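Architecture and fold: a report
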Amino acid sequence: MPLQNRFHVAFYAATLATTITLILFTLLQRRTDRPQNKWFLTMLIIVSVNAISNIGSSVMVGYAEESPFYFTLLKIFHNTYFIFHTILCPVLYCYVLNVTGSIRRWSNLRKIIVAVPFFVTEFFALVNPLTNWVFYYDNYVFRRNWAEYFIYGAAALYFILSVVELFTSWYAITVRRRIAMTYFFALAMGGVILQLVQIDIKSELFAESLAMLGAMLAIESEDDILDADTGTYNRRALQTDINGFIVKHEAVKLIFVKVVNADMVERVTRSANSDILALACADYFKALVPRYKIYRPNPENFVLICDGYREDDVLKISEMIKDRFLKSWRIFESTFLLDAVVINADVPKDIQSVDDVFFVADSIVPSGVDKDGIKIEWVMRRAEIERAIRRAVHDHKFEVYYQPTYCLAERKLHGAEALVRMNDETLGFVPPDEFIPIAEKIGLVEKIDDFVLKQVLAFLESKVPEERGMECINVNLSVIQCLRPGFVEHILKIVNSYAVAHSKINFEITESVGAEDYEALSKVAHDLKKEGFLLSMDDYGTGYSNMEGIFSLDFDVVKIDKSILWNAEKMSRGRIILENSVRMIHDLGCSVLVEGVETEEQIDLLTRLNVDYLQGFYFSKPVPKDRFLEVIA
Ligand code: C2E
Ligand code: CA
Ligand code: CA
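Strand order in this open sheet of 4 strands is β4-β5-β3-β8, and the pairing throughout is antiparallel. Edge positions in the sheet fall to β4 (294–298) and β8 (340–347), since each has one partner strand and no second. Averaged over all pairs of adjacent strands, the angle between their axes in this sheet comes to 25°, without regard to strand direction. Across 3 bridges, β4 lies against strand β5 (residues 301–306) in antiparallel orientation. Residue pairing across strands places Ile 294 opposite Leu 304, the latter belonging to β5. Packed on one face of the sheet, helix α11 (residues 311–324) meets β3 (252–259), β5 and β8 and runs near 5° to β3.

In structure tokens form, the structure reads like this:
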């Protein structure tokens, strides 16, 4: 063999070693289920076959003249090369379209039209043994023919299309992919150009195999986007892929599966079984959709991206998931019932950003909500309220309304309850029952309560309430906030910066406290009382707290919830509860306030029961300060 040909063989052998290694590792990592993986593998196989046929022809070219058999072998190698090499660039283009995700939006017609140059040139390559259109031998010397220019033209076309695709999808793919693909094209181009100017440096295939090595490391390697426990994709992958859909304005359907009681399982079994449970769930999802459509952005949440699915198929899948969660899951020897909320959502109808996706995935489903009733609109409204709260806190956009309280025996004004209002520019009026629990969850209720307290203090400092005969103003406290360390000092710091007597402020703490909080709460209540503040227990009769615990807190006033009053009117059993509640509270040495008074009849009833204070729409709804002053005038 001439020295020069050995040199060629060395290049092709290096190429082959590289591609065989890449094929082996691709198969070993079992990363072959996505269409993208399949195209990648196809490219590797094509380059391998080309390397083999080039080795064959480099060797045979020296022996062709010796026997017709060697000459035939040479022809077979050359023809094989062209048949496979013609497929390479179209496959590259398919690969790029899959990596960028653009292929999803292609119609079948478009696919066929784009494939026409490939079919034509592949036809030339296939019929060359009969036609010699691509190449032929002139006295054992290889000669190009006209069809070869078409083959290179088509390859160049697909290569350029691939580069264009990369740049038009620039923002839909990750930085890492951008760099890897740019490197890929630059290296492949470099190899082609070098071989063009220096025909004896067989760099084209070798450069392609190296470019694929880069792609393998940066694009095909998924270790950093896989969820190790379940083999599904992780949070980062979800972010990348959703971003791709959003940047390209593509509609896609999502199914969120939120496992609500995973921590319960952990507590019951006292071990980290939740990962095994997650794997069981993931395996179930894998039976419904391909693995690469499943994401696990956080331990208790799965997201299924149903791109290319019909609406009713997606609904069917989510119904199947709901049904599955009605049955138990078996792990080792035990069975568990998992509670899950399944939410269907559309991009871009319900979800417009990556943040929205994570909001839904990360949002905690409050207990006591009907799990079947949770729709994406509900979750997104919570997201909007959350944003509205942040805006309002930032711009001090809350307002304080006042609702008067009356002293029944003296038939005169007693005080008022301060109630917060949020009027958002986009959402309009949002009732506090809706936004206070959300503010508690995102840790902003403290800011709101401080704002209300300061407004009340400023009002009291003006002496107007006193002149109008008001004894105190009630301020609501969130229990979550009360239990924070340094709470009483915090309150004192605010109150003491106003010239207001502590006894003018009546803090309301709601009855529905968890039993474990009593000790901490009784310390707070005790400290507040010691500082001279008044204390009311709010919403008496709505929780199921232990009486002993509650009444150890030493309240001045107990506010009986409006539902107790309304039930007392409806049925005699309710009447007995109200009567005895009032008597018991009196016997324990507290005053009684009844909320929700709306009618004359209710006042008559409450007068007979000797209730101390009344509050309700009968007297006034909560109103802004100026209006409040008119009401009590
Ligand atoms: P709450 O402390 O039990 O407040 C009494 C609620 O009952 C008020 O609703 C009031 O408008 C309503 N109400 C009063 N009288 C009547 C009546 O005769 N009929 C009817 N149907 N309703 C009546 P609002 O203002 O919507 O407040 C709801 C809840 O939001 C409050 O319940 C309280 O838990 C919370 N909240 C309000 N302001 C604040 C605040 O500044 N801080 C905190 N942490 N929570 C607040
Ligand atoms: Ca209250
Ligand atoms: Ca209340």
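There's plenty left to go through after this.
Within the secondary structure layout, Ala 568 lies in helix α21 (residues 562–570). We classify Ala 568 as buried; its relative accessible area is 6%. Sequence separation between Ala 568 and Ile 438 is 130 residues, and the spatial gap between their C-alpha atoms is 32 Å. Filtering out sequence-adjacent residues up to four positions away, Ala 568 remains in contact with Gly 574, Arg 575 and Leu 578.

In this structure the tally under the stated criterion is 37 salt bridges. A salt bridge links Glu 434 to Arg 381; its shortest N-O distance comes to 2.8 Å. Of this pair, Glu 434 sits in helix α14 (residues 432–441) while Arg 381 sits in helix α13 (residues 376–395), placing them 53 residues apart in sequence. Note that Glu 630 and Arg 627 form a salt bridge whose closest N and O atoms lie 3.1 Å from each other. With Glu 630 and Arg 627 both in helix α24 (residues 625–632) and 3 residues apart, the pair spans about one turn of that helix. Through salt bridges that share partners, Arg 310, Asp 312, Asp 313 and Lys 316 make up one connected network.

The next subject is helix α3 (residues 68–100). Its 33 residues place the ends of α3 49 Å apart at the C-alpha level, agreeing with the 48 Å of an ideal helix rising 1.5 Å per residue. Considering bend angle alone, the principal kink of α3 is centred on Leu 88 and spans about 25°; proline Pro 90 follows within four residues of it. Remark: Gly 101 follows α3 within two positions and exhibits a positive phi of approximately 90°.

Our focus in this paragraph is the site of ligand 1. If you check the shell around ligand 1, you find 23 residues, and the closest are Asp 449, Asp 538, Lys 562, Glu 598 and Phe 617. In this structure, Glu 417 approaches ligand 1 through a side-chain N or O atom, which is 3.2 Å from an oxygen atom. Between a nitrogen atom of ligand 1 and a side-chain N or O atom of Asp 449, the distance comes to 2.6 Å. Protein contact buries 86% of the 800 Å² of open area that ligand 1 shows by itself. Breaking the shell around ligand 1 down by element, the ones donating at least two residues are β10 (412–424), α14, α15 (445–461), β14 (534–540) and α21. It is β10 that contributes the most residues to the shell around ligand 1, 4 residues altogether. For the shell around ligand 1, the class distribution of residues is 9 nonpolar, 5 polar and 9 charged.

Residues of α21 that are buried: Ile 564, Leu 565 and Ala 568. Within α21, the buried residues cover an arc of 100° as seen down the axis, which keeps them to one side. Turning to α21, the residues buried within the fold contact β14, β15 (557–560), α22 (572–587), β16 (591–594) and α23 (600–608).

Reading the values: rules and limits
The numbers attached to residues start from 1 for each chain and follow its sequence in the written order. Whichever chain is written first is A, and whichever ligand is written first is 1; the rest continue in order. Selection of residues for local features in this predicted model requires a pLDDT of at least 70, selection of side-chain atom pairs for listing and counting requires 80 or more, and totals for whole chains, interfaces and linings are taken over all residues. Only hydrogens and water are removed before side-chain values are computed, so all heavy atoms of the structure are retained for them. Two strands are said to pair when DSSP picks up at least two bridges between them. By definition, any uninterrupted DSSP run of H or I lasting at least four residues is a helix, any uninterrupted run of E lasting at least two residues is a strand, and each is numbered from the N terminus. Helix axes are fitted only over the stretch in contact, all axes being lines through C-alpha atoms; the angle between N-to-C directions runs from 0 to 180 degrees. Contacts are assigned to residue pairs with any non-hydrogen atoms lying within 4.5 Å of each other. When a residue's accessible area, from a 1.4 Å probe over protein chains only, is under 20% of the maximum for its type it is buried; when over 50% it is exposed; and in between it is partly exposed. Only one rule defines a salt bridge in this text: a Lys or Arg side-chain nitrogen within 4 Å of an Asp or Glu carboxyl oxygen. Multiplying 1.5 Å by the residue count of a helix minus one yields the expected span of that helix. Here the bend at a residue is taken as the angle between two axes, fitted respectively to the seven residues that end there and the seven that start there. Neighbouring residues are identified by heavy atoms, a residue being near a molecule or strand if any of them is within 4 Å of it. In protein, a polar contact means a hydrogen-donor-capable atom and an acceptor-capable atom, both N or O and within 3.5 Å, with residues adjacent in sequence counting only if both atoms are side-chain atoms; elsewhere, any N or O pair within 3.5 Å suffices. Accessible areas in this description were obtained via Shrake-Rupley with a 1.4 Å probe; residue shielding takes into account the shown protein chains only. We call Asp, Glu, Lys and Arg charged. Ala, Val, Leu, Ile, Met, Phe, Trp, Tyr, Cys and Pro are nonpolar, and the rest, Gly among them, are polar. By arc we mean the arc of the directions from the helix axis to the C-beta atoms, nothing more.

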